[in-house]
Amino acid sequence: RPVVAHRLPPAVVPSEPPGSRPPLALPRRAASTVRQVAGAARRSIAGAVMFGFVGVGTLFLALPRMMAYALAVLCFGLAAAAASHFFRRRAYGRR
């Protein structure tokens, strides 16, 4: 064993010499790793979204009138954006 490999933990030392694996083993391993990373990312995003919804729910309970105004402004803003998009697409279709 080389000196560097002797100092590294056993998980870092390759268990098989290169070229001894079947040709499809590396893509399968890469897909498995990507799946694990994507699952962890999904869980972390879900946690942030969950805490965000808990915070908004708490604000709705604590400040119902102010949150109602904020929600109304948001709804009217989204409606205005949708209307402008609709009329722009309709004007484009008339040409």
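Note that the coordinates shown come from a computational prediction; the quantities given were computed from them, not determined experimentally.

**Describing the overall build of the chain**
Logical step 1: Helix and strand counts for the chain stand at three helices and zero strands.
Logical step 2: Secondary structure elements in the chain, listed N-terminal to C-terminal, are α-α-α.
Logical step 3: For the chain, the accessible area works out to roughly 8800 Å², and carbon and sulfur atoms hold 71% of it.

**Some thoughts on the environment of T58**
Logical step 1: Among the secondary structure elements, T58 is positioned in helix α2 (residues 25–62).
Logical step 2: A distance of 2.8 Å separates a polar side-chain atom of T58 from the backbone oxygen of V54.

**A short note on the confidence of the model for the chain**
Logical step 1: Per-residue confidence for the chain gives a mean pLDDT of 78; residues scoring 70 or more make up 69%.
Logical step 2: The least confident element of the chain is helix α1 (residues 3–7), whose mean pLDDT is 63; the most confident is helix α3 (residues 64–94), at 86.

**Here we look at the packing of aromatic side chains**
Ring pairs (aromatic) are described by centroid distance and by the angle formed between their planes.
Logical step 1: If you walk through the whole model with that rule in mind, you get one aromatic pair.
Logical step 2: With centroids separated by 5.2 Å and ring planes inclined at 65°, the aromatic side chains of F86 and F87 adopt a geometry described as edge-to-face.
Logical step 3: Relative accessible area serves as the criterion here: at 54%, F87 is assigned to the exposed category.

**Some points on a nonpolar patch on the surface**
Logical step 1: Together, V56, F60, L71, L74 and L78 give the surface a local cluster of nonpolar side chains, amounting to about 430 Å² of exposed area.
Logical step 2: Looking at the nonpolar patch, the elements that each hand over two or more residues are α2 and α3.
Logical step 3: By secondary structure assignment, the location of L78 is in helix α3.
Logical step 4: Judged by its relative accessible area of 55%, L78 is exposed.

Reading guide: rules and limits
- Residues numbered from 1 in each chain as written.
- Predicted model: local features only at pLDDT ≥ 70, side-chain atom pairs only at ≥ 80, totals over all residues.
- Heavy atoms only, no water.
- Helix = DSSP H or I, 4+ residues; strand = E, 2+ residues; numbered from the N terminus.
- Areas by Shrake-Rupley, 256 points an atom, 1.4 Å probe, with all protein chains shown as cover.
- Polar contact = N/O pair within 3.5 Å; in protein donor to acceptor, adjacent residues only side chain to side chain.
- pLDDT = per-residue confidence, 0-100.
- Phe/Tyr/Trp six-rings, centres within 6.5 Å; stacked < 30°, edge-to-face > 60°.
- Buried < 20%, exposed > 50% of the residue type's maximum accessible area, 1.4 Å probe, protein only.
- Patch = residues over 30% accessible without salt bridge, like charges linked within 9 Å, V, L, I, M, F, W, Y side chains within 5 Å.
- Salt bridge = Lys/Arg side-chain N within 4 Å of Asp/Glu carboxyl O.

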